[in-house]
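# Chain and residue survey
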Amino acid sequence: MDQPATPPAAAYAPLAAVRERIAHAARIARRAPEEITLVAVSKTHSAERIDPLLAAGQRVFGENRVQEAQAKWPALREAYPDVALHLVGQLQSNKAEEAVALFDCIHSLDRPSLLTALARAMDKAGRRVSCFVQVNIGAEDQKGGCALADLPALLARARAADIPLAGLMCVPPAGIEPAPFFAQLDKLAADHGFAGRSMGMSDDFETAIMLGATHIRVGSALFGARA
Ligand SMILES: *Cc1c(COP(=O)(O)O)cnc(C)c1O
């Protein structure tokens, strides 16, 4: 047999705690908590672990692998048809069709080849999936995200290809204060006329909210540490 499912109360408490932290940060920033979408990042966690969050009313979830999401979510969605599924990890162009079929929002559009694949997949499926353009805000070598210098051209191409743009996304460098990077993403989004800013994770989402985040991507604070 599988491990017993986490009891609902135990899974509900972290959700209630995260919601309270969101409300607190929003209050300090004089923002309405409803402006902030909590994307519950359920990557690596089983359907049994996700169920209590669904039962507690959470409806927006994030995954970082197409195959894992395909294995978990169709069954969960039968029980909860109003779930919105976001892709928060890097996407290979050859998975674009599957991603467009499965996800309601993609946070990792970051290069022309992926843009072309997504536009083609959306045309074929007759379904437009809104995308955040991921920016390599710390100019890190091994990191996903579009270089700052390439952003205007990528945005122009996305608009030309009729890809609905939700805004900008970033993952700041690990181990240093993220606030300057969040502030920079906020300004970049404003400069390009976007309302959406996908930034902030378990360890720094309050800072992100104070600096304008509209979508926070929270995994371990809701589900515990990943294996
Ligand atoms: C895993 C992941 C998250 C969630 O990280 P936590 O620190 O567990 O909250 C957020 N964003 C992206 C892109 C991720 O891959």
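Here goes a summary of the coordinates provided.

Conventions we followed
- Residues numbered from 1 in each chain as written.
- Predicted model: local features only at pLDDT ≥ 70, side-chain atom pairs only at ≥ 80, totals over all residues.
- Heavy atoms only, no water.
- Near = heavy atom within 4 Å.
- Polar contact = N/O pair within 3.5 Å; in protein donor to acceptor, adjacent residues only side chain to side chain.
- Nonpolar A, V, L, I, M, F, W, Y, C, P; charged D, E, K, R; others polar.
- Salt bridge = Lys/Arg side-chain N within 4 Å of Asp/Glu carboxyl O.
- Helix = DSSP H or I, 4+ residues; strand = E, 2+ residues; numbered from the N terminus.
- Axes fitted to C-alpha atoms, helices over the stretch in contact; angles between N-to-C directions.
- Left-handed = near helix turned anticlockwise from the far one by under 90°.
- Contact = heavy atoms within 4.5 Å.

This part covers the site of the ligand. The environment of the ligand is formed by Val41, Lys43, Val88, Met169, Met201, Ser202, Arg217, Val218, Gly219, Ser220 and Arg226. Lys43 is positioned such that a nitrogen or oxygen atom in its side chain is 2.7 Å from an oxygen atom of the ligand. Side-chain polar atom of Ser202 to an oxygen atom of the ligand: 2.5 Å apart, as the coordinates give it. For the shell around the ligand, the residue count by class is 5 nonpolar, 3 polar and 3 charged.

Scanning the entire structure with this criterion turns up 14 salt bridges. We note a salt bridge from Lys72 to Glu68, for which the minimum N-O separation is 2.8 Å. Of this pair, Lys72 and Glu68 both sit in helix H3 (residues 66-79), 4 residues apart, roughly one helical turn.

Okay, the side chain of Arg77 next. Looking at the secondary structure, you find Arg77 in helix H3. In terms of polar contacts, Arg77 uses its side chain to reach the side chain of Asp104, at 2.7 Å.

So, on to the packing of helix H2 (residues 47-55) against H3. Where H2 meets H3, the closest approach of the two axes is 11 Å, and the angle between their N-to-C directions is 35°. The interaxial crossing formed by H2 with H3 has right-handed handedness. Of the residues in H3, those touching H2 at Ala47, Ile50, Asp51 and Leu54 are Lys72, Trp73 and Leu76.

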